[in-house]
Amino acid sequence: GDSISVQVSNNDLLRERYANLSRTPRSQVKLSLRFQHNDIDRITEICEEIKDEIIASCPKIVKDGSRPLRVNWADVGDDHVSVVINTSYEIRPSSGAYWANREVVLLAVARAMRRLDVKFALPERILSKPGTVYKVEGGQDAEMDVEEEDDLYALP
């Protein structure tokens, strides 16, 4: 373990539920991925491919239905389509094996994305200084003149 001692008051023990993670036999990997809008028609295929690759790559994955095994389309944002991965493993959390397995999961996601030729959606940011606004989309900068503050909210 990490040799860290934690003191919990009796009041907190009565109000809250606690788990000693060093004694928990199963761990969970949760990831949120952002894909480009142009992949929205393929999102089901992308989720299935990622799930299949994770299952094939992680022998300690829990597949009996007792724990989450999900790769699902979760949301549509202004600049991305969101997919959530929630998987469980017969590996103790916070152990070296947990972190090695998490890397295997990430590599499985990368292999599936490469096979399907899918790219992550880069976040859109708006940066400004007096008189100029820079709209940054996936590394592309566009400079615009802004005369009034209201123009900032009416970007093309």
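Being a predicted model, the structure only gives us computed values, none of them experimental.

Thresholds applied
Residues numbered from 1 in each chain as written. Predicted model: local features only at pLDDT ≥ 70, side-chain atom pairs only at ≥ 80, totals over all residues. Heavy atoms only, no water. Helix = DSSP H or I, 4+ residues; strand = E, 2+ residues; numbered from the N terminus. Expected span 1.5 Å × (residues − 1). Buried < 20%, exposed > 50% of the residue type's maximum accessible area, 1.4 Å probe, protein only. Arc of directions from axis to C-beta. Contact = heavy atoms within 4.5 Å. Pairing = 2+ DSSP bridges. Axes fitted to C-alpha atoms, helices over the stretch in contact; angles between N-to-C directions. Patch = residues over 30% accessible without salt bridge, like charges linked within 9 Å, V, L, I, M, F, W, Y side chains within 5 Å. Areas by Shrake-Rupley, 256 points an atom, 1.4 Å probe, with all protein chains shown as cover. Salt bridge = Lys/Arg side-chain N within 4 Å of Asp/Glu carboxyl O. Phe/Tyr/Trp six-rings, centres within 6.5 Å; stacked < 30°, edge-to-face > 60°.

**Q** So what's going on with helix α2 (residues 43-57)? Which residues, and what values?
**A** If you check α2, its first and last C-alpha atoms are 21 Å apart, about what 15 residues at 1.5 Å a residue would give, namely 21 Å. Burial in α2 covers these residues: Ile-43, Ile-46, Cys-47, Ile-50, Glu-53 and Ile-54. Down the axis of α2, the sector holding all buried residues measures 135°, keeping them to one side. Among the exposed residues of α2, those oriented more than 90 degrees off its buried face are Thr-44 and Ala-56. As for α2, its buried residues are in contact with β1 (27-35), β2 (69-76), β3 (81-89) and α3 (96-116).

**Q** I'd like a rundown of the sheet that holds β2, residues and numbers included.
**A** Pairing within the open sheet is antiparallel, and its three strands lie in the order β1-β3-β2. Strands with a single pairing partner mark the edges of an open sheet, and in this sheet they are β1 and β2. Across this sheet, the average inter-strand angle for adjacent strands is 15°, counted without regard to direction. When β2 meets β3, the two strands line up antiparallel, connected through seven bridges. Within β3, the position partnered with Val-76 by the bridge is Val-81. Relative to the sheet, α2 contacts β1, β2 and β3, its axis offset from that of β2 by approximately 150°.

**Q** Describe the side chain of Asn-101, and please don't skip the residues or the numbers.
**A** With respect to the element layout, Asn-101 can be found in helix α3. Those residues in contact with Asn-101 that sit more than four places away from it in its chain are Val-29, Cys-58, Tyr-89 and Ile-91.

**Q** Please give an account of a nonpolar patch on the surface that cites residues and values.
**A** The grouping of Val-6, Val-8 and Leu-13 at the surface amounts to a nonpolar patch, some 260 Å² of accessible area in total. Relative to the helices and strands, Val-8 is located in the segment before α1 (10-15).

**Q** Break down the packing of aromatic side chains for me, citing the residues and quoting the values.
**A** Given two aromatic rings, their pairing is described by the distance between the two centres and the angle made by the two planes. Taken as a whole and assessed by the stated rule, the structure comprises two aromatic pairs. Pairing Phe-35 with Phe-120 gives two aromatic rings, centres 5.9 Å apart and planes at 20°, and the pair type is stacked. Of this pair, Phe-35 sits in strand β1 while Phe-120 sits in the loop between α3 and β4 (124-129); the two residues are 85 residues apart in sequence, bridging distant segments of the chain. With a relative accessible area of 0%, Phe-35 lands in the buried category. Relative accessible area serves as the criterion here: at 41%, Phe-120 is assigned to the partly exposed category. Considering the side-chain rings of Tyr-98 and Trp-99, the 4.9 Å spacing of their centres and the 85° angle between planes classify their relative orientation as edge-to-face. What makes Trp-99 exposed here is its relative accessible area of 51%.

**Q** Break down the environment of Ile-85 for me, with residues and values.
**A** By the secondary structure assignment, Ile-85 is in strand β3. For the pair formed by Ile-85 and Arg-70, sequence separation is 15 residues and the distance between their alpha carbons is 5.7 Å. In this view, Ile-85 contacts Val-29, Lys-30, Leu-31, Leu-33, Ile-50, Ile-54, Arg-70, Val-71 and Val-109; residues no more than four positions away in its chain are not counted.

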